[in-house]
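Okay, here's what each chain looks like letter by letter:
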Amino acid sequence: MARARAMFVDAVHPNDWAKGHRSLLGWVQAAAPFSPEELFEIFAAGAAGPSVVFFNYEVSKNVFSRQEGAPTKPEHLPAASDGGFDGYSARVKATLNGARYCLRMTEPHVGSHEVYERLIRLVAPLEGILAAESRAVRTTVFVGDYEYTPFGVHVDPYPQIQCAISGERTALFWDDPYWADKSPEDRLAPWNHLAAAHELKMPAGDAVYWAPAYEHAFSSRGEHAIALTISFPEVPPPDSAVEVLRRKSAHHFLNVPPVRSAREHAKGQLFCGNPLFPITIAGDGKLVAAGRIFEISGIPELAAFVARVADSPFRYSDLDDTGRALVDVFYTHYAIDVV
Ligand SMILES: [Fe+2]
């Protein structure tokens, strides 16, 4: 993980956001942001909170349908009964008359706290830069047997990296002037413009970074290749001191996983605060943890509680009733965990 972090900063933001593109050889292997099995579970559980799932497929050779605002049809969504992406792909392909497909989910990290924590650790070195430039971290995952990016050659206004999780991918980049006199139809046929492209082959395990406003498309090979994109868009600056703290506590991911259920705790249960999600008193009767703002009365007791849980492991029975109620609140938000 440490090697993956160092490699990441070196390629993405050595001094400023790097220009052009940079290969991150073996980054995914070293960082393991998630496994295909974890990802399948996220899909099969259904899009959580702000996540949206899109499904595109060909309506004629190499022309992808445009879903636009329509919801994804239930039969195009992975289901637990598929057992994995092999089963999903076989079921869906049987209904598409041989057309290739692209299944896409925005913010997949919201579906798994483990995945979210892993991604946080990976992008943590950029925190200061993200805060200074008012940027957020967003994720998108792509699954499919499509040969080229369904929406063709395009630019995005923010830096990003794409990770090849499975299947071989090729990143294609072009210098701006090349597309100046080309039509929208040209952009939908990247295969006619390969001679002018900078090509970067990415076997599963590699990643690539590219700069904002850089013309790009991807091609892939293999059954249901899987790729994860991590992007860093600019967002409106925080409008209050509490919002600054909230974003910091979510490590600049705009969306965080939903809370987990409360559980019964034995009196002797040991707990520990999570250094990745510290509980911070923001003043004004407010408290920030794990990307959320809490309004809890009784700041003096709260201060004692925060000092207690941030320090070292503690026992449920060591706390008074107020403290135990707070353990329940912060356990459900992942700021405290059982040891
Ligand atoms: Fe893009």
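Glancing now at the overall build of the protein. Secondary structure summary: the protein contains 10 helices and 15 strands in total. Taking 20 Å as the expected radius of gyration for a compact globule of 339 residues, we find that the protein reaches 22 Å, a close match to that expectation. Restricting to contacts in the protein with at least 6 residues of sequence separation, those with at least 24 account for 83%.

We now examine the pairing of strand β12 (residues 286-289). Across 3 bridges, strand β11 (residues 280-283) lies against β12 in antiparallel orientation. Residue pairing across strands places isoleucine 281 opposite leucine 287, the latter belonging to β12. Between β11 and β12, which follow one another and run antiparallel, lie 2 residues, and aspartate 284 among them has a positive phi close to 65 degrees. In this structure, the hairpin formed by β12 and strand β13 (residues 292-295) is closed by a connection of 2 residues, where alanine 290 is found at a positive phi of approximately 50 degrees.

If you trace the 3 strands from one edge of the open sheet to the other, you get β11-β12-β13, paired in antiparallel fashion. Here the strands that pair on one side only, and so sit at the sheet edges, are β11 and β13. Here the average twist between neighbouring strands, direction ignored, is 35 degrees. Against the sheet, helix α8 (residues 241-249) touches β11, β12 and β13, its axis set at about 20 degrees to β12.

A few words on the domain arrangement of the protein. Segmentation of the protein into domains returns domain 1 (2-231) and domain 2 (259-338). Between the C-alpha centres of domain 1 and domain 2 the distance comes to 37 Å.

Judged by how many residues are buried, strand β5 (residues 138-144) sits mostly within the fold: 6 of 7 residues are covered. As judged from the 5 bridges shared by strand β4 (residues 101-106) and β5, these two strands associate in the antiparallel manner. Bridged to leucine 103 within β5 is valine 143.

Moving on to unusual backbone geometry. Note on backbone geometry: most residues besides glycine have negative phi, and most peptide bonds are trans. One non-glycine residue with positive phi stands out, namely glutamate 68, at about 50 degrees. Its location among the elements puts glutamate 68 in the loop between β3 (63-64) and α4 (85-93). Classification of glutamate 68 by C-beta neighbours within 10 Å gives exposed; the count is 6. For histidine 251, which is not glycine, the phi torsion reads 55 degrees and is therefore positive.

Looking now at the nonpolar core. Among the nonpolar cores identified, the biggest contains 78 residues, and Ile161, Cys163, Ala207, Val208, Ala227, Ala289 and Ala335 are the most heavily contacted of them. When residues are assigned to domains, this core turns out to be shared by domain 1 (2-231) and domain 2 (259-338), each giving three or more. In this view, cysteine 163 contacts Trp27, Val28, Pro33, Ala207, Ala227 and Leu228; residues no more than four positions away in its chain are not counted.

Along the chain, valine 242 falls in helix α8. The sequence separation of valine 242 and glycine 283 amounts to 41 residues, and the corresponding C-alpha distance is 8.4 Å. Discounting chain neighbours no more than four positions away, the residues touching valine 242 are Ala282, Lys286, Val288 and Ile293.

Read from one edge of the open sheet, 3 strands run β14-β10-β15, paired in antiparallel fashion. Only two strands of the sheet have a single partner each, and these edge strands are β14 (314-315) and β15 (336-338). Relative to β14, strand β10 (residues 270-273) runs antiparallel, the two sharing 2 bridges. When the bridges of β14 are listed, phenylalanine 271 appears paired with phenylalanine 314.

Locating valine 327 in the fold gives a position in helix α10 (residues 321-332). C-alpha of valine 327 to C-alpha of lysine 73: the two residues are 254 residues apart in sequence and 41 Å apart in space. Setting aside anything within four residues of it in sequence, one finds valine 327 in contact with Phe271, Tyr316, Leu319 and Ile336.

Now for α8. Listed in full, the buried residues belonging to α8 are Leu245, Arg246, Arg247 and Ser249. Check the buried side of α8 and you find it contacts β11, β12 and β13. Just past α8, the residue histidine 251 takes up positive phi, approximately 55 degrees.

Conventions adopted
Residue indices follow the written sequence of each chain, beginning from 1 at its first position. Reporting of local features is limited, given that this is a predicted model, to residues whose pLDDT is at least 70; pairs of side-chain atoms are given and counted only at 80 or more, and all residues count toward the totals for whole chains, interfaces and linings. Helical segments are the DSSP runs of H or I of at least four residues, strand segments are the runs of E of at least two, and each set is numbered from the N terminus. Atoms counted for the radius of gyration: C-alpha only. Globule rule: 2.2 Å times residue count to the power 0.38. By the criterion used throughout, residues are in contact when their C-beta atoms, derived from the backbone, lie within 7 Å. Two strands pair if DSSP finds at least two bridges between them. Here an angle of 0 to 180 degrees is reported between the N-to-C directions of two axes, which are lines fitted to C-alpha atoms, with helices fitted over the stretch in contact. For the purposes of this description, domain bounds are those given by an automatic or database domain assignment. The exposure scheme places C-beta atoms from the backbone and then counts, for each residue, the other C-beta atoms within 10 Å of its own, assigning buried at 20 or more, exposed at 12 or fewer, and partly exposed in between. A set of buried residues drawn from Ala, Val, Leu, Ile, Met, Phe, Trp, Tyr and Cys, joined through C-beta atoms within 7 Å, is what defines a nonpolar core.

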